[in-house]
Amino acid sequence: MDSTSISIALSGSGGTGVMTAGSLLLDVAARAGYYGLMTRTLGPQIRGGEAAALMRLGVAEVTGPDDTYHVLLALDWGNIERFAAEIPLNAESIVISDPAHGPVPEVIASTGARLVEIPLGALAATVANGRPNMVALGVLTALLGLNLEHTTAVVAAELADRDDETLAASLGAVQAGFSAADPCVCPVTLAPPARAAGTPRWALSGNEATGAGALRGGVRFVAAYPITPATDILEYLAVHLPRLGGALVQAEDELASINMILGSSFGGTPSLTATSGPGLALMTESIGLGIAAEVPVVICNVMRGGPSTGIPTKSEQSDLNIAIHGVHGDAPHVVTAPTSISDCVFTTQWSVHLAECLQVPVITLSDQAMGQARTVIDAPAIVPLNGQRKLATTTVEHYERYEVTADGISPMALPGTPGLEYTADGLEHSPRGTPSTQAAHHQEQLDKRQRKLLQFDYGPFWADIAGDGDIAILTWGSVTGAAMEAAERLRKGGVAVKVIAMRLLSPALPDRLADALVGVDRVLVVEQSHSQQFLHYLRGHFALPARTRTHARPGPVSIRPAEIMAAVDDLFQEA
Amino acid sequence: MNTTEPTRLTPKQYKSDIKPVWCKGCGDFSVIAAITRGLSQLQLPRENVAFVSGIGCSSRIPAYSAVYGFHGVHGRALPIATGLKLARPELTVLVAGGDGDGFSIGGNHFMHSCRRNVDLTYVVMDNSVYGMTKGQASPTTASDWTGSKLTPEGPGMPPFRPLEIALSAGANFISRATANDPNGMAEQIVEAIRHPGFSLVHVLCPCVTYRPEQQELFKARAHADWQSTTERAEAMHRLADDDGYTTGILYQGDRPAFMPPPEPRATLEQIETEFRI
Ligand SMILES: Cc1ncc(C[n+]2csc(CCOP(=O)(O)OP(=O)(O)O)c2C)c(N)n1
Ligand code: SF4
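Since the structure is predicted, the reported quantities are computational estimates derived from the model, not experimental observations.

1. Things to note about the overall build of chain B
A count of helical and extended segments in chain B gives nine helices and eight strands. For a compact globule of 277 residues, the expected C-alpha radius of gyration is about 19 Å, and chain B comes in at 20 Å, within 12% of that figure. Judged by the C-alpha coordinates and their principal axes, chain B covers about 70 × 50 × 35 Å. Counting only residues that meet the buried cut, chain B has 56% of its 277 residues in that class. At a minimum sequence separation of 6, the contacts of chain B that also span at least 24 residues come to 68%. On chain B, roughly 12,000 Å² of surface is accessible, and the fraction owed to carbon and sulfur atoms is 53%. Distance from the positive charge centre (26 side chains) to the negative charge centre (28 side chains) of chain B: 5 Å.

So this is what it looks like as structure tokens:
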């Protein structure tokens with residue numbers, strides 16, 4: 001049966017090289033013209049322990065996981081029970097394992113998947129310094145009907161800076177695996193790729209995509225403190241910012257990093273930091289400073305399971321509350337979220353644009369599932385959005401930095417501009433910036449800061465909307481891929497479903513959503529949080545149809561299309 | 001736009017028209033006087049100077065000067081100044097605050113700013129008390145000071161020794177002044193601004209409201225015995241014997257300042273090409 005996608009899980013103990021094999025396989029498929037997505041799942045430990053590369057290869061862009069895996073290839077069974085829930089299998093699936101590592105554990109055997117034994121270790125041993133993960137790569141090349149020459153070329157490129165013996169060992173192991181793959185028959189065969197001719201394709205991670213979006217947006221200063229799963233954004237920018245004349249500083253903590261970027265942005269440089277939940281919690285006081293002092297900055301929060309240190313290596317969408325409501329006082333700011341890995345480029349660029357135009361901190365919510373997944377996509381189109389600050393440049397008698405304007409945006413003077421010296425302040429202030437406790441000053445500054453966000457034209461970017469129907473799925477972030485796929489399958493089955501994936505989470509634009517919900521009488525809200533944070537936020541700010549239901553559950557197991565379909569089905573059945 | 005070259009800027013021209021909220025007699029008045037005097041001596045164009053602070057009585061100081069300023073949140077002035085200086089290396093960036101702001105809530109930033117050595121001038125107004133929150137013990141308060149309702153038995157910890165910490169952490173310029181001698185302080189500020197890298201000017205600065213005894217104490221005890229040394233070991237030795245009231249420039253090292261960003265050498269397009277497969 002020809003399929004438009006195929007899902008493969010490669011598991012093993014940390015250090016067995018499953019991530020390397022997975023990412024090479026993705027490159028091999030890319031050479032053949034396919035697209036794909038590889039998510040990493042790791043235990044809480046940083047090295048050692050369990051690991052799996054969760055892959056889905058497709059004839060077109062892949063934006064989310066499938067319901068089940070067609071193939072599980074286990075290099076060994078180390079701690080498989082800890083993450084078996086993330087690798088659903090069924091009777092159609094095949095499990096490839098090395099008999100040397102013992103019988104198939106019950107959690108896997110009980111799925112009914114067909115077992116194929118291949119002595120990965122023994123095959124590796126037939127080649128000097130051969131490694132089982134390269135044997136696995138050979139097996140998968142054959143199993144998926146991919147081209148061995150592509151695999152050879154990808155491995156050679158990967159090992160370009162290593163010696164000939166290392167390359168020979170890897171290629172030998174790949175060949176051994178390729179030849180030994182005969183006994184497995186893949187449950188599905190991948191249809192030919194559906195590539196549009198001429199569109200260049202990119203291979204990158206979501207975090208790199210965020211970095212690319214930051215650069216497109218014009219960010220030239222970054223300060224941050226490392227935290228999983230956001231660090232790769234910083235690693236990308238640390239290399240590329242200096243090439244563009246920018247700088248990245250590793251700060252002593254998150255309190256420093258947010259304040260450093262407030263300082264650089266006060267100086268006129270578009271600035272960004274990246275962090276994850278605990279870091280965002282530390283930053284909230286100073287995000288308030290950015291709001292009061294009207295200094296544009298972007299904070300990329302790559303969500304992980306919380307609260308506290310939670311599950312640092314796996315995904316969740318449970319920082320929505322803190323992102324929207326975390327700052328003390330009346331603190332209007334912008335919260336955005338990319339709807340796919342590819343969209344991390346656009347949403348980050350747009351977030352920089354919004355921050356600069358509105359002189360406000362923007363929090364953008366990516367998550368581990370997007371950030372640390374590697375994907376092959378069509379190169380994202382270049383969008384001409386490079387927000388320019390409204391600047392004050394000509395000397396006036398009494399410059400009012402926080403002038404109360406109709407659109408709420410006050411012209412900002414940059415240090416170095418003669419005659420407009422002022423002091424930015426987090427204390428409430430008069431239009432001139434002088435600290436003030438007067439009720440009228442507080443009221444007019446609060447009004448102004450809120451007004452500038454509400455009067456801005458966010459264009460069509462506030463949401464991605466697909467399909468039509470009287471049922472709508474309302475969702476956000478990395479769950480969008482699964483929601484879009486669920487709707488697509490439902491549509492094929494004759495059920496018309498609209499998907500609205502919100503990219504602008506705050507400020508709330510109730511009219512926009514109301515327009516999008518015209519003709520919709522049932523809504524399913526889909527999110528990956530335990531306390532239904534998105535649903536509660538929507539209920540507080542938007543008018544939803546009486547028949548609004550929720551499909552919410554925490555991470556780290558990905559939300560899959562089939563469960564969304566089932567939830568839509570329930571809604572459909574309701575009287 | 002300045003069409004005609006201005007005549008010499010006087011200290012007064014570096015002052016804003018905002019009236020300070022400080023208590024009459026507060027040492028902070030003499031610090032703003034010393035800073036504006038120092039700026040006038042250096043004839044720095046007002047628009048090219050930025051003055052950053054945190055929160056506290058002393059942190060109110062940027063608004064009282066007529067240069068660019070950023071009054072942030074408690075303890076975070078140094079990171080703001082660091083970001084600003086790195087993004088805009090051509091600016092002269094001053095940082096000011098109190099002993100609570102700098103050594104308690106901002107203590108980590110203090111140490112790491114000394115290490116990082118960005119070209120900043122940090123003036124700490126040390127009155128060994130939290131003035132703004134009405135008289136609690138600060139990190140530099142003596143362990144047996146029972147004047148605060150929060151620590152009626154005294155803080156019970158030895159006071160923080162900012163200059164020793166600064167020297168150990170790698171600060172390149174360290175000096176101490178008193179509010180009683182604004183001229184001496186102005187001279188130190190001028191040298192601190194001229195010195196590349198991170199410079200610390202520690203000011204014994206009385207809080208007349210919550211530590212009224214300080215005014216006389218600082219006057220009586222201060223002694224101008226430090227001549228600048230470039231030897232770390234010598235500076236360390238002097239600090240070991242220091243009674244906390246020695247003034248002057250203690251140490252001037254020659255560690256290079258943290259570098260501003262390099263010139264661009266690639267285009268966005270070139271960088272993005274690297275994603276292509
Ligand atoms: C996060 C936070 N915690 C506490 C405070 C309250 N607070 C304001 S000023 C201050 C201490 C100021 O003392 P110091 O820095 O020594 O300055 P002084 O007022 O003595 O000049 C404190 C604790 C605050 N503003 N922010
Ligand atoms: S309380 Fe103390 S530090 Fe604050 S203004 Fe008054 S005298 Fe100065």
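2. Here we look at the site of ligand 2
Taken together, B:Trp22, B:Cys23, B:Cys26, B:Cys57, B:Asn127, B:Cys207, B:Val208, B:Thr209 and B:Tyr210 are the residues near ligand 2. Among the residues forming the shell around ligand 2, the class breakdown is seven nonpolar, two polar and no charged.

3. A short note on the pattern of salt bridges
Any two side chains of opposite charge can pair, given that their charged atoms come close. Residue and element names in this part refer to chain A. This structure, assessed with the given rule, holds 32 salt bridges over all chains. Notably, a salt bridge pairs glutamate 294 with lysine 452, separated by 2.6 Å at the nearest N-O pair. You can see glutamate 294 sitting in the loop between helix 11 (277-293) and strand 13 (297-303) and its partner lysine 452 sitting in helix 15 (residues 439-454), a full 158 residues away along the chain. Here the two residues glutamate 294 and lysine 452 agree in accessibility, since each one is buried. Across the pair arginine 547 and aspartate 521 runs a salt bridge whose closest N-O atoms are separated by 4.0 Å. Of this pair, arginine 547 sits in strand 23 (residues 547-552) while aspartate 521 sits in the loop between helix 17 (510-516) and strand 22 (522-527), and the two are 26 residues apart along the sequence. Relative accessible area serves as the criterion here: at 23%, arginine 547 is assigned to the partly exposed category.

4. Here we look at helix 19 (residues 561-573) of chain A
Residues and elements named next belong to chain A. If you check helix 19, its first and last C-alpha atoms are 18 Å apart, about what 13 residues at 1.5 Å a residue would give, namely 18 Å. Among all positions of helix 19, only Pro561, Ile564, Ala567, Val568 and Leu571 are buried. In a view along the axis of helix 19, the buried residues occupy a sector of 125°, so they form one face of it. Facing away from the buried side of helix 19 by more than 90 degrees, the exposed set consists of Asp570 and Gln573. Buried residues along helix 19 sit in contact with strand 19 (471-475), helix 16 (480-492), strand 20 (497-502), strand 22 and strand 23.

5. Remarks on the packing of helix 1 (residues 18-31) of chain A against helix 6 (residues 148-158) of chain A
Residue and element names in this part refer to chain A. Interhelical geometry of helix 1 versus helix 6 gives an angle of 130° and a closest axis separation of 9 Å. Here helix 1 is positioned oblique relative to helix 6, judged by the angle of their axes. Regarding helix 1 and helix 6, the two cross each other, and that crossing is right-handed. In this structure, helix 1 uses Leu24, Asp27, Val28 and Arg31 to contact helix 6, whose residues at the interface are His150, Thr151, Ala153, Val154, Val155, Ala157 and Glu158. Here the contact of helix 1 with helix 6 is composed, by residue class, of six nonpolar, two polar and three charged.

6. With respect to the sheet that holds strand 5 (residues 71-74) of chain A
Residue and element names in this part refer to chain A. The eight strands are arranged 7-6-5-2-4-3-16-9 in an open sheet whose pairing can be described as mixed. Two strands lie at the open edges of the sheet, namely strand 7 (114-117) and strand 9 (201-205), each paired on one side alone. Mean inter-strand twist for the sheet, computed between neighbouring axes without regard to direction, equals 20°. Relative to strand 4 (residues 50-58), strand 2 (residues 5-13) runs antiparallel, the two being bridged by nine bridges. Residue pairing across strands places glycine 12 opposite alanine 51, the latter belonging to strand 4. Running at roughly 10° to strand 4, helix 1 makes contact with strand 2, strand 3 (35-42), strand 4, strand 9 and strand 16 (374-378) of the sheet.

7. Notes on the interface of chain B and chain A
Across the contact, 48 residues belong to chain B and 59 residues belong to chain A. Carbon and sulfur atoms make up 63% of the surface buried where chain B meets chain A, a total of about 4,500 Å² over both sides. Our count for the contact surface shared by chain B and chain A stands at four salt bridges. As a salt-bridge pair, A:Arg243 and B:Glu274 come within 2.9 Å of each other at their nearest N and O atoms. Seen at the junction of chain B and chain A, the total is 22 residue pairs in polar contact (both at pLDDT 80 or more). Counting residues per element, the ones that place at least two in the side of chain B that touches chain A are strand 2 (68-71), helix 2 (77-87), helix 4 (107-116) and helix 9 (268-273) of chain B. Looking at the side of chain B that touches chain A element by element, the count peaks at seven residues for helix 2 of chain B. Looking at the side of chain B that touches chain A residue by residue, the class counts come to 24 nonpolar, 12 polar and 12 charged.

8. Describing the packing of helix 4 of chain B against helix 5 (residues 162-169) of chain B
Residues and elements named next belong to chain B. Interaxial distance between helix 4 and helix 5 falls to 8 Å at its minimum, and their mutual angle equals 45°. In terms of orientation, helix 4 lies oblique with respect to helix 5. Judged by the twist between their axes, the crossing of helix 4 over helix 5 is right-handed. Within the contact between the two elements, helix 4 uses Phe110, Met111, Cys114 and Arg115 and helix 5 uses Pro162, Ile165, Ala166 and Ala169. Counted by class, the contact of helix 4 with helix 5 contains seven nonpolar, no polar and one charged residues.

The rules behind each value
- Residues numbered from 1 in each chain as written.
- Chains lettered and ligands numbered in written order.
- Predicted model: local features only at pLDDT ≥ 70, side-chain atom pairs only at ≥ 80, totals over all residues.
- Heavy atoms only, no water.
- Helix = DSSP H or I, 4+ residues; strand = E, 2+ residues; numbered from the N terminus.
- Rg over C-alpha atoms; globule rule 2.2 N^0.38 Å.
- Buried < 20%, exposed > 50% of the residue type's maximum accessible area, 1.4 Å probe, protein only.
- Contact = heavy atoms within 4.5 Å.
- Areas by Shrake-Rupley, 256 points an atom, 1.4 Å probe, with all protein chains shown as cover.
- Lys, Arg positive; Asp, Glu negative; His and termini not counted.
- Charge placed at Lys NZ, Arg CZ, Asp CG, Glu CD.
- Near = heavy atom within 4 Å.
- Nonpolar A, V, L, I, M, F, W, Y, C, P; charged D, E, K, R; others polar.
- Salt bridge = Lys/Arg side-chain N within 4 Å of Asp/Glu carboxyl O.
- Expected span 1.5 Å × (residues − 1).
- Arc of directions from axis to C-beta.
- Axes fitted to C-alpha atoms, helices over the stretch in contact; angles between N-to-C directions.
- Parallel < 35°, antiparallel > 145°, perpendicular 65-115°, else oblique.
- Left-handed = near helix turned anticlockwise from the far one by under 90°.
- Pairing = 2+ DSSP bridges.
- Buried area = accessible area lost by both parts, 1.4 Å probe.
- Polar contact = N/O pair within 3.5 Å; in protein donor to acceptor, adjacent residues only side chain to side chain.

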